[in-house]
Amino acid sequence: MLCDKLESIVYEIRFESTFGEKCVIKSKSEYHTIGDFELNEEEIKNGKERALNMYKIVETHLLENPTVYA
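Since the model is a prediction, treat every value here as computed from it, not as a measurement.

(A) Inspection of the overall build of the chain at higher detail. Helix and strand content of the chain: one helix and two strands. For the chain, the sequential pattern of α-helices and β-strands runs β-β-α. Residues counted as buried form 10% of the 70 residues belonging to the chain. Considering only residue pairs separated by 6 or more positions, the chain has 37% of its internal contacts joining residues 24 or more positions apart. For the chain, the accessible surface area stands at approximately 6,000 Å², while carbon and sulfur atoms represent 53% of it. Charged side chains of the chain number 9 positive and 14 negative; the gap between the two group centres comes to 5 Å.

(B) Structural view of the pairing of strand E2 (residues 23–33). Here eleven bridges tie strand E1 (residues 6–17) to E2, and the two strands are oriented antiparallel to one another. Residue pairing across strands places Arg14 opposite Lys26, the latter belonging to E2. Turn length for the E1-E2 hairpin, with the two strands adjacent in sequence and antiparallel, is five residues, and the turn residue Gly20 shows positive phi of about 75°.

Cut-offs applied
Along each chain, the written sequence defines residue order, and numbers are assigned to residues from 1. Since the coordinates come from a predicted model, pLDDT governs what is reported: local features require at least 70, and pairs of side-chain atoms require 80 or more to be given and counted, while whole-chain, interface and lining totals use all residues. Side-chain measures were taken over the full set of non-hydrogen atoms in the model, leaving aside hydrogen atoms and water. To qualify as a helix, a DSSP run of H or I must reach at least 4 residues; to qualify as a strand, a run of E must reach at least 2; elements of each kind are numbered from the N terminus. Categorising residues by exposure relies on relative accessible area from a 1.4 Å probe, with only protein chains included: less than 20% of the type maximum marks a residue as buried, more than 50% marks it as exposed, and the intermediate range marks it as partly exposed. We call two residues in contact whenever any of their non-hydrogen atoms come within 4.5 Å of each other. Methods summary: accessible areas were calculated by the Shrake-Rupley approach with a probe of 1.4 Å, and residue burial reflects only the protein chains presented. Counted charges follow a simple rule, with Lys and Arg positive, Asp and Glu negative, and His plus the chain ends left uncounted. A charge is said to be at NZ when it belongs to Lys, at CZ for Arg, at CG for Asp and at CD for Glu. Paired strands are those between which DSSP finds at least two bridges.

Listed below in C-alpha cells is the structure:
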C-alpha cells in the first residue's frame, strides 16, 4: 500500500473531441512522495489505469444521464 508513502497525487485529464462521438483522453500525473521514496514504473502504470477507469465510469454515467450536468 502506498498511502503512507505519498503526500498527494494530482491528475490532469483532458477529453479532446475527435470526429463523430469519440474522444481522445490525455492524462498527466504528478506524484508527491514523502521523503526519498520513489515510485517504480509498474506502480505509476497501475495508478494511471485506475484513474482512467474512474473517468470512464464518470463519462459513461454522464452520457447515460445528460440532465445531471449543464
